[in-house]
Amino acid sequence: QLQLVESGGGLVQAGGSLRLSCAASGGTFSSYNMGWFRQAPGKEREFVAAIRWSGGFIYYAESVKGRFTISRVNAKNTVYLQMNSLKPEDTAIYYCADQVAPRYSDYDPRFWDYWGQGTQVTVSS
């Protein structure tokens, strides 16, 4: 059973930076996409960024383009999310997710196969 473990969340002032990490372990790691979602209190889980494991195709939500960067280290089965110029509206629990094969949608959390436990990111104004 694949396990995803996030780290790197915390409290930061607006304009600051954080880097999240997500390490995959357990079972036989076979990924099509790895990505990040976030969920703020009272809101639905939303897509943030994703990276194709083979080929490295990358895409972002409009709200984070130019501020967040997703990357991966294949040898470590690890994906990162560098978050710069953070805003209070970025405050949420951030979840790492994995798709093992192409799905109907990459943006809908229902079509992702594995999830981490989440890490809290709080941006103060």
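Residues numbered from 1 in each chain as written. Predicted model: local features only at pLDDT ≥ 70, side-chain atom pairs only at ≥ 80, totals over all residues. Heavy atoms only, no water.

Q: Explain the overall build of the protein chain to me, please; I cannot follow it from the model alone.
A: Along its length, the protein chain carries zero helices and 11 strands. Ordered by position from N to C terminus, the α and β elements of the protein chain give β-β-β-β-β-β-β-β-β-β-β. For a compact globule of 125 residues, the expected C-alpha radius of gyration is about 14 Å, and the protein chain comes in at 14 Å, within 12% of that figure. Here the C-alpha coordinates of the protein chain stretch approximately 40 × 30 × 25 Å along the principal axes. Relative to its 125 residues, the protein chain shows a buried fraction of 44%. Restricting the contact set of the protein chain to residue pairs at least 6 apart, pairs at least 24 apart contribute 56%. About 6,400 Å² of surface is accessible on the protein chain, with carbon and sulfur atoms providing 49% of the total. For the protein chain, the distance from the average position of its 12 positive side-chain charges to the average position of its 10 negative side-chain charges is 5 Å. (Helix = DSSP H or I, 4+ residues; strand = E, 2+ residues; numbered from the N terminus. Rg over C-alpha atoms; globule rule 2.2 N^0.38 Å. Buried < 20%, exposed > 50% of the residue type's maximum accessible area, 1.4 Å probe, protein only. Contact = heavy atoms within 4.5 Å. Areas by Shrake-Rupley, 256 points an atom, 1.4 Å probe, with all protein chains shown as cover. Lys, Arg positive; Asp, Glu negative; His and termini not counted. Charge placed at Lys NZ, Arg CZ, Asp CG, Glu CD.)

Q: Looking at this structure, how should I read the packing of aromatic side chains?
A: Across all of its chains, the model carries nine aromatic pairs by this definition. Where Y95 meets W115, the ring centres are 6.4 Å apart and the plane angle is 80°; that geometry is what we call edge-to-face. Taken as a pair, Y95 in strand β9 (residues 92–99) and W115 in strand β10 (residues 114–115) lie far apart in primary sequence, 20 residues in all. Here the aromatic residues F37, F47, F57, Y59, Y95, Y107, W112 and W115 are joined through ring pairs into a cluster of three or more. Cation over ring: R45 sits above W115, and NZ or CZ is 4.7 Å from the ring centre. One Lys or Arg, R72, reaches over the ring of W53 and ends 5.9 Å from the middle of that ring. (Phe/Tyr/Trp six-rings, centres within 6.5 Å; stacked < 30°, edge-to-face > 60°. Lys NZ or Arg CZ within 6 Å of the ring centre and 35° of its normal.)

Q: What's the story with the pairing of strand β7 (residues 68–73) in this structure? I'm lost.
A: A regular strand places its side chains on the two faces of the sheet in alternate fashion. When β7 meets strand β8 (residues 78–83), the two strands line up antiparallel, connected through six bridges. Bridge pairing links I70 to L81 in β8. Between β7 and β8, which pair antiparallel in sequence order, lie four residues; one of them, N77, sits at a positive phi of approximately 50°. (Pairing = 2+ DSSP bridges.)

Q: Sorry if this is basic, but what is going on with the pairing of strand β11 (residues 119–124) here?
A: Here β11 shows a clear split, with T119, V121 and V123 buried on one side and none of Q120, T122 and S124 buried on the other. As paired elements, strand β2 (residues 10–13) and β11 share four bridges and run parallel to each other. Within β11, the position partnered with V12 by the bridge is V123. Strand direction decides the pairing type here: β9 and β11, joined by three bridges, are antiparallel. Note that in β11 the partner of A92 across the bridge is V121.

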